[in-house]
Amino acid sequence: MKKGLILVNAYTPSAAELNQPKRLQEELKGLGSETDLRRNDFFAARIDGTGSVSSCVEDYGYCIYFDKDKYIPRMLEARGLRLFNRAAAVEACDDKMLTCLALADSGIPVPETLAGLLCYYPNEPTRAETLKRVEALGYPLVVKECFGSLGKGVYLANNREELLEMIAKVKCKPHLFQKFIKESAGRDLRVIVVGGRAVGAMRRTGQDFRSNVGCGGGAEAAVLDGEARMIAEKAASTLKLDYCGVDLLYGKDGYVLCEVNSNAFFRTFERVTGINVARLYAEHIVKQITEGNG
């Protein structure tokens, strides 16, 4: 079995972000698979002077991609390298509107959503018709930047004044508007899925309307019931993810899917649930590679 490559963001300053790849590296080693852990800053692939994709990681048998840079993984896959997760899956999860589109018509419940309108002119006022359509979601409503993690770029508008303020902040960025699931304010359920199987759940509680641990929220182990398992596994399957965290809101009539994170941190999840996520993911990777499931 060829050595594996673990790629993390080229600019990450956070030691906490390195916990996940290091844990996975340890578990893979225990299963007999050596890996190199590297920052994604050495241009692992490029378009050469002939217009062809070339790579400097040909000696690796697989790559675990703990980044969201969408160009390098596309090139690595073009050279035949198996990625965990695959490039298209990471792209779909990284853009919150693309996630909604990918899950559309799958039967998975999501909040009512409007795609933010593309804007090139920051000083141009928002039209009355636009406000009317957005306000039909009801107040309070959620305004989200399409790219962001740890609860960053997610806002709650309680009235028109706040909505206009938030639109001005995000309108030149990819964004969306969503109906606020008031029953779930400040809490959600994080389900981890590995190899298509939901392995456990934790309940997260926040200090404001968000529940992200990264925003100062807390977490505790939770029962993984049948409904949560079904939604999480279906989302992972639809998006073709090897590994993910699925965030579910507590809706009036059952769970509502909030987001899917292809690189979900599992340090807190392992601590509160006692589930060895890194081991389960490592076992999935080794099985996929040894069985030739590229």
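To start, this report covers the structure provided alongside it. Note that the structure is predicted; figures quoted are calculated from it, not measured.

Reading the values: the criteria
Residues numbered from 1 in each chain as written. Predicted model: local features only at pLDDT ≥ 70, side-chain atom pairs only at ≥ 80, totals over all residues. Heavy atoms only, no water. Pairing = 2+ DSSP bridges. Helix = DSSP H or I, 4+ residues; strand = E, 2+ residues; numbered from the N terminus. Axes fitted to C-alpha atoms, helices over the stretch in contact; angles between N-to-C directions. Contact = heavy atoms within 4.5 Å. Patch = residues over 30% accessible without salt bridge, like charges linked within 9 Å, V, L, I, M, F, W, Y side chains within 5 Å. Areas by Shrake-Rupley, 256 points an atom, 1.4 Å probe, with all protein chains shown as cover. Salt bridge = Lys/Arg side-chain N within 4 Å of Asp/Glu carboxyl O. Buried < 20%, exposed > 50% of the residue type's maximum accessible area, 1.4 Å probe, protein only.

### Quick look at the sheet that holds strand 5 (residues 62-66)
Step number 1: An order of 2-1-5-6 is seen for the four strands of this open sheet, with the pairing classed as parallel. Two strands close off the open sheet at either side, each with one partner strand: strand 2 (35-39) and strand 6 (82-84). Across this sheet, the average inter-strand angle for adjacent strands is 25°, counted without regard to direction.
Step number 2: Two elements, strand 1 (residues 4-8) and strand 2, share five bridges in a ladder whose sense is parallel. Looking across to strand 2, one finds that L5 is bridged to D36.
Step number 3: Where helix 9 (residues 277-290) meets the sheet, it contacts strand 5 and strand 6, and its direction lies at approximately 165° from that of strand 6.

### A short note on a nonpolar patch on the surface
Step number 1: On the surface, L118, Y120 and Y121 cluster together into a nonpolar patch covering about 460 Å² of accessible area.
Step number 2: Its place among the elements puts L118 in the loop between strand 7 (113-115) and helix 5 (128-135).
Step number 3: When its relative accessible area of 69% is taken as the criterion, L118 is described as exposed.

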